[in-house]
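Now for the letters of each chain:
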Amino acid sequence: MDSTRDNPSVLLIEPGKSRDLTYPLGLAYLAGHLRRAGATVHGIDLRIESDAALERLLKTQPFAIAGIRVMSTEVRRAASIAALVRRLQPRALIVAGGPHATLAPHEVLARVGADAAVRGDGELPIAKLWSGDAAPPGVVRRDGRSAEVYVHDDLGALDFPDRTTFPMHRYYRQGSYGGIARTAMIATRGCVKRCGYCSAHALCRGDFRKREPDAVVEEIRRLRAEHGVRGVVFEDDALVIDPSWAKGLFERIALRAPGTTIDLPNGVNPDLLDEDLLDAMAGAGVRSLAFGLESLCGDNQRAIDRTFDLDHLERVARHARRRGISTTGYFLIGLPHDTPLGLLSQAAAIRRLPLDLAHVSVYRRLPGQPLQQAHRPMAWTALRAFRAGFYLQYYGEPARLGALVDRAGGGLPGMATIARRAAQWLRW
Ligand code: B12
Ligand code: SF4
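What you see is a predicted model, and the numbers here were worked out from it, not measured in a lab.

Engineer: In this structure, what is going on with unusual backbone geometry? I would like to understand it.
Structural biologist: The bulk of non-glycine residues show a negative phi, and the bulk of peptide bonds are trans. Even without being glycine, R205 reaches a positive phi, approximately 55°. Mapped onto the elements, R205 comes out in the loop between α8 (200–204) and β9 (209–210). Positive phi is not limited to glycine here, since D305 has a value of about 55°. Mapped onto the secondary structure, D305 falls in the loop between α12 (298–303) and α13 (310–322).

Quick look at the structure:
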């Protein structure tokens, strides 16, 4: 694009309306890479700022590129943002990236109205677009030519995410684990597995990559020194898929960044864990860990290719508890073999598991998931009603509710935090 020569600015947009204010890590990685290439970068997160603020920005400052992160659940929203950019800055190149651009690039070009869709890791492709390269890897244009998902092999060659484009303090908030300054980071990208409900494999062509543990530690140390961060949230899809590497990572963190608090919110298959790995996690400061259990029904587990040993789960969950790590189980309903009776018996079994929290989602079919089941076995409203009933019973138990409120700070503020979280969970 010629406009990059006389106007080097890039605008990165998080269009989401989700109330879950996670740090926009993907865009922060792009910002770091673009700045190193010489671009001036602005960021706007529409979970925090209003559409009017974006409009004002577009009226006052020209951009060569407007990059929008597109999730499959937010295509319509991304389209309305792209239309605003097109109306106010017709010369800007509108670039869509993120999960939906990776999984369905032609649909993104058509429905979002972008000029280019970037498939896969975006750092190199967007920097090349900015410098005027006509055919960067991973880039699909409107002329119909396709491109493979671009996977960055050497994660060590990437700069740390830029933490100034999206100022860190705006994302520190009260959560259900209390309010310390914490932020997101990742130590790996991708996954080799193909669980039926997950698009991780399609997003990275099955290429799992790890960073050097020392580089991860260095990033944590810088986050502490430069931003006062005390807690990190690992947002990796599959942080412990290589358990011995993960153990080494936690041991390095314990040794070189002691005092860090770590949350692991993305569901792990319990079969990957053992006492040694949990000890290493506890030593590094892990205080919360989620298990991706999905279903206790064997037929469903096989349908989504996600089996695990129930006795082993109970052992590792109890060990985690002994080591001061709180555990959550994630469950999916609306899977092929769910029936009303089957769900009721699963609910009773979940209540007996030695977990601190349980989180139930209704399965949504999205592109790139191996399980492309055409219809739900039960109506959406019945599944949502089941979920509401499950939560009431599970968290209605006084001991569980009390522990939850305590963890969120106790008293009225703790209760208010939990009530807010509950409303959020019930909406999804
Ligand atoms: C944090 C997170 C969330 C947060 C925040 C979401 C948000 N709006 O940002 C919360 C908890 C709210 C969430 C919710 C959901 N999530 Co989520 N989430 C993640 C998670 C764990 C981390 C994202 C991250 O920071 N990644 C690290 C960075 C470095 O990677 P990245 O964001 O992908 O960015 C890179 C590329 O994608 C690309 N890129 C990204 N943006 C752009 C923009 C441009 C212009 C360009 C060129 C490139 C580019 O370049 C970046 C650097 O290489 C990912 C899994 C993962 N590890 O990625 C799932 C993931 C994104 N979520 C997913 C899903 C399924 C969901 C839910 C639908 C789950 C559900 N059933 O409710 C909901 C939807 C919520 C909604 N808003 O509609 C899927 C994506 C599905 C899809 N097709 O869109 C993922 C990939 C998990 C998976 N493996 O299936 N999620
Ligand atoms: S659910 Fe986890 S293990 Fe399964 S494919 Fe997705 S990231 Fe990999």
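Additional details are given in the paragraphs that follow.
Engineer: How should I be thinking about the site of ligand 1 in this particular structure?
Structural biologist: Surrounding ligand 1, one finds 40 residues, the nearest of these being R69, S72, T73, E74 and E123. A distance of 2.8 Å is found between an oxygen atom of ligand 1 and a side-chain nitrogen or oxygen belonging to R69. In this structure, S72 approaches ligand 1 through a side-chain N or O atom, which is 2.6 Å from a nitrogen atom. Elements represented by at least two residues in the shell around ligand 1 include exactly α2 (25–37), β3 (65–69), β4 (93–97), α5 (99–103), α7 (123–130) and α8. It is α2 that contributes the most residues to the shell around ligand 1, five residues altogether. Residue composition of the shell around ligand 1, grouped by class: 17 nonpolar, twelve polar and eleven charged. Formed jointly, the shell around ligand 1 draws a minimum of three residues from each of two domains, domain 1 (3–141) and domain 2 (172–427).

Engineer: When you look at the site of ligand 2 in this model, what are you seeing that I'm missing?
Structural biologist: Taken together, C191, K193, C195, Y197, C198, A200, D237 and R306 make up the full set of residues near ligand 2. In terms of residue class, the shell around ligand 2 is built from five nonpolar, no polar and three charged.

Engineer: Is there a simple way to explain the packing of helix α10 (residues 243–256) against helix α11 (residues 275–284) in this structure?
Structural biologist: Packing of α10 against α11 leaves a shortest axis separation of 8 Å and a crossing angle of 25°. Comparing their axes, α11 and α10 come out roughly parallel. Here α10 and α11 pass one another in a crossing that is left-handed. Note on element contacts: α11 touches α10 through D276, L277, A280, M281, G283 and A284, opposite P243, A246, K247, F250, E251, I253 and A254. Considering only residue class, the contact of α10 with α11 consists of nine nonpolar, one polar and three charged.

Engineer: Quick question: what am I supposed to make of the packing of aromatic side chains here?
Structural biologist: Each aromatic ring pair is described using two quantities: the centre-to-centre distance and the angle formed by the ring planes. If you walk through the whole model with that rule in mind, you get six aromatic pairs. With a centroid separation of 5.3 Å and 25° between ring planes, the pair formed by F390 and Y394 is classed as stacked. Residue F390 and its partner Y394 are located together in helix α15 (residues 380–396), separated by four residues, close to a single helical turn. Residue class for Y394 comes out buried when judged on its relative accessible area of 0%. Members of the aromatic cluster, connected to one another through ring pairs, are F386, F390, Y391, Y394 and Y395. Lying across the ring of Y29, R189 places its NZ or CZ 4.7 Å from the centre. The ring of Y394 has R400 lying over it, and the distance from NZ or CZ to the ring centre is 3.6 Å.

Engineer: Could you clarify how one ought to interpret the domain arrangement of the chain in this entry?
Structural biologist: For an interface, size is often stated in terms of accessible area lost upon the parts coming together. When the domains of the chain are assigned, the result is domain 1 (3–141) and domain 2 (172–427). For domain 1 versus domain 2, the distance between C-alpha centres works out to 29 Å. Facing the 16 residues of domain 1 at the interface are 20 residues of domain 2. Roughly 1,400 Å² is buried in total at the junction of domain 1 and domain 2, and carbon and sulfur atoms are behind 56% of that figure. It is L25, Y29 and L103 in domain 1 that bury the most area against domain 2; as a group they hold 34% of the surface buried on that side. In this structure, the connection of domain 1 to domain 2 is made through three salt bridges. A salt bridge links R189 to E123, with the shortest nitrogen-to-oxygen separation between them at 2.8 Å. Our count for the contact surface shared by domain 1 and domain 2 stands at three residue pairs in polar contact (both at pLDDT 80 or more). Residue assignment for the side of domain 1 that touches domain 2 shows that the elements contributing at least two residues are α2 and α5. No other element matches α5, which puts four residues into the side of domain 1 that touches domain 2.

Rules of the game
Residues numbered from 1 in each chain as written. Chains lettered and ligands numbered in written order. Predicted model: local features only at pLDDT ≥ 70, side-chain atom pairs only at ≥ 80, totals over all residues. Heavy atoms only, no water. Helix = DSSP H or I, 4+ residues; strand = E, 2+ residues; numbered from the N terminus. Near = heavy atom within 4 Å. Polar contact = N/O pair within 3.5 Å; in protein donor to acceptor, adjacent residues only side chain to side chain. Nonpolar A, V, L, I, M, F, W, Y, C, P; charged D, E, K, R; others polar. Domains from an automatic or database assignment. Axes fitted to C-alpha atoms, helices over the stretch in contact; angles between N-to-C directions. Parallel < 35°, antiparallel > 145°, perpendicular 65-115°, else oblique. Left-handed = near helix turned anticlockwise from the far one by under 90°. Contact = heavy atoms within 4.5 Å. Phe/Tyr/Trp six-rings, centres within 6.5 Å; stacked < 30°, edge-to-face > 60°. Buried < 20%, exposed > 50% of the residue type's maximum accessible area, 1.4 Å probe, protein only. Lys NZ or Arg CZ within 6 Å of the ring centre and 35° of its normal. Buried area = accessible area lost by both parts, 1.4 Å probe. Salt bridge = Lys/Arg side-chain N within 4 Å of Asp/Glu carboxyl O.

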